[in-house]
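Commentary on secondary and tertiary structure
Listed here are the chains, written in short residue letters.
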Amino acid sequence: MLKSVKTKLFLTICIVIVIIILFFVVINSTIIEKSYYYEKQNDSLNAYNYINENLNEDIDNNLEDIIDKMCLQNNYDIVIEKDGDVVYSSRENFLENFEEFTEVKSIVKYSIFNQSDILYSNGNVNIRIMQDKKHGMSFMMLYAKIDSGNNIYVRTSISSISEATQVSNKFLNIVAVITIIFGGVVILIVTERFTKPIQKLDKIARNITKLDFSEKYELLGTDDEVDNLGKSINELSKELEDTIKQMKKNNMDLERDIEHKSKIDEMRKQFISDVSHELKTPISLIQGYAEGLIENVNTDEESKNFYSEVILDEANKMDKLVKRLLELMKLEYEDKSFNDKNFDIVELINEIIRISKVKLEEEKIEVEFDEKEPTYVFADDFYIERVITNYFTNAIKNVLEVNGKKQIKINLKKSDEQGKVRISVFNTGNHIDEEHIERIWNRFYKIDESRDRSKGGTGIGLSLVKAIMIKYNNNFGVNNVKGGVEFYFELNYSVISGEM
């Protein structure tokens, strides 16, 4: 608590007030009292000098009146004597009440009084402090011998000085208490107003150290040092905020560059690994059949044509594999941008079915797709065509006869709440084992590695579907249903001329 600027300022000002009051008490008790003595001493000397200059052997009425007036104005008691007889007294009872007068005269005459009581002495004029034991009062007494041969005594009461000092000190004590109480309240208000902006600046500075630049100092319009400091803190906060934002942006750009380079490097490694793995078999086949042709293992024309067809077929598969693999790498490792637009998904599906018509007739496969009205979606038609083609091709390869029929069914289901169109491709046949459900989306994964190569794929088709759907952040998957297997995916549909 004592570390608070507000508390320190409050205590400092209170201590200063107390010290000032104590200073005045000391001044009042010492210096002022001595100053009063000094003034009374000078007044006594002035009275002595005046009487000494104007008094001859006898005192006339005019001088007596002047001395009376002087005594009244300055509260003096003056006695003038000659040869033991009083020639003037400012009060008739002065000598009677002052019992020590004879003793005083003797002490003054022989100069054997207490040196600490002497205020002034020049050999002829002596001033000292004396006590009236009868009345319990203190006096300042001047004794001197004037030029006319008379003795003069000037007495001034100094008891009132001590009383006045005590009253003044009591008054100062009361004033001190009132000043401390009132001053304390005022100081609290002032220090609160003074320290509140500093506390605000301290809070802002602490927030800045935590990289929180939300708070700003509200200028008071006083145009003083605190306001200037607040303005500087605001400018510093803004500069730091802008600098840190720029640094974060630069850091993010750098991280993206590093990540991009890392992805490219990973893509290259993965591409080399995948190509090396997948091209072993076709290269071996091409190599074997090519050697057979060179060595004329079979000399008949039909065998040579078969060998050549195998070599050409494997080369086409290699070309198709590499192209698809490159496309998959771009989708997975690069920030691929789609050329999205509105198009009719029904029209696209019908076109894919039309292209596969010969294959469907050869395999005696029935395709059921009953949608007639256009359904518009917003996506890249090239990549969506790849998704549907992969599903449809897989269905053709894996369809089996159930109840005397090989069937493929394509359905569209719209969801107005989600704004989605669900496209599903069903084929009759065997269910996919649960252990394969998740793994079939991995590149080069094949459920039946031993099936006929003429029907086998590259193992990349479903990986492409997965990569495309992840880019669109849409659902996709496969379900085992009654009588076969159903693959599905979702797209965002759009409204064109009032139609979905």
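Attention in this report is confined to the structure presented alongside it. (Residues numbered from 1 in each chain as written. Predicted model: local features only at pLDDT ≥ 70, side-chain atom pairs only at ≥ 80, totals over all residues. Heavy atoms only, no water.)

A look at the overall build of the chain
If you tally the helices and strands in the chain, you get 13 helices and 13 strands. Every one of the 500 residues in the chain was classed for burial, and the buried ones make up 37%. Long-range contacts, defined here as pairs at least 24 residues apart, represent 64% of the contacts in the chain between residues at least 6 apart. Carbon and sulfur atoms provide 52% of the accessible area of the chain, an area that totals close to 31100 Å². (Helix = DSSP H or I, 4+ residues; strand = E, 2+ residues; numbered from the N terminus. Buried < 20%, exposed > 50% of the residue type's maximum accessible area, 1.4 Å probe, protein only. Contact = heavy atoms within 4.5 Å. Areas by Shrake-Rupley, 256 points an atom, 1.4 Å probe, with all protein chains shown as cover.)

Quick notes on the side chain of K420
When you line up the elements, K420 lands in strand 11 (residues 420-428). One buried charged residue, K420, forms no salt bridge at all, with the nearest opposite charge on E490 at 5.4 Å. Only 2.5 Å separates the side chain of K420 from the side chain of N492, close enough to count as a polar contact. Not counting residues up to four positions away in its chain, the partners in contact with K420 are K413, K414, S415, N474, E490, L491, N492 and Y493. (Lys, Arg positive; Asp, Glu negative; His and termini not counted. Salt bridge = Lys/Arg side-chain N within 4 Å of Asp/Glu carboxyl O. Polar contact = N/O pair within 3.5 Å; in protein donor to acceptor, adjacent residues only side chain to side chain.)

Remarks on the environment of L400
Residue position: L400 is located in the loop between helix 11 (381-398) and strand 10 (406-415). For L400 and I365, which are 35 residues apart along the polypeptide, the C-alpha to C-alpha distance reads 9.1 Å.

Considering the sheet that holds strand 8 (residues 365-368)
What the five strands build is an open sheet, ordered 8-10-11-13-12; its pairing is mixed. Each having just a single partner strand, strand 8 and strand 12 (476-481) make up the two edges of the open sheet. Adjacent strand axes in the sheet meet at a mean angle of 20° when their direction is disregarded. Examined bridge by bridge, strand 10 and strand 11 share eight bridges and lie antiparallel to one another. Across the sheet, L412 pairs through a bridge with I423, a residue of strand 11. (Pairing = 2+ DSSP bridges. Axes fitted to C-alpha atoms, helices over the stretch in contact; angles between N-to-C directions.)

Some remarks on a negative patch on the surface
Together, D433, E434, E435 and E438 make up a region of like negative charge exposed at the surface. Within the secondary structure layout, E438 lies in the loop between helix 12 (434-437) and helix 13 (461-472). (Patch = residues over 30% accessible without salt bridge, like charges linked within 9 Å, V, L, I, M, F, W, Y side chains within 5 Å. Charge placed at Lys NZ, Arg CZ, Asp CG, Glu CD.)

Focus on helix 13
With 12 residues, helix 13 ought to run about 16 Å at 1.5 Å a step, and its terminal C-alpha atoms sit 17 Å apart, in line with that. Among the 12 residues that make up helix 13, nine are buried, leaving the element largely enclosed by the rest of the structure. Where helix 13 is concerned, the buried positions are G461, L462, S463, L464, V465, A467, I468, M469 and Y472. Downstream of helix 13 by a residue or two, N473 has a phi angle that is positive, lying close to 60°. (Expected span 1.5 Å × (residues − 1).)

Thoughts on the environment of K8
Within the secondary structure layout, K8 lies in helix 1 (residues 5-54). Given a relative accessible area of 47%, K8 falls into the partly exposed group. Between the alpha carbons of K8 and T191 there is a distance of 9.7 Å; along the sequence they are 183 residues apart.

Comments concerning the pattern of salt bridges
Counted according to the given criterion, the structure contains nine salt bridges. In this structure, the salt-bridge partner of E351 is R354, at a minimum N-O distance of 2.6 Å. With E351 and R354 both in helix 9 (residues 345-355) and three residues apart, the pair spans about one turn of that helix. Its salt-bridge partner being E363, residue K406 comes within 3.9 Å of it at the nearest N-O pair. Within this pair, whereas K406 is found in strand 10, its partner E363 is found in helix 10 (residues 357-363), the two being separated by 43 residues in sequence. E363 sits in the partly exposed class, given a relative accessible area of 23%.

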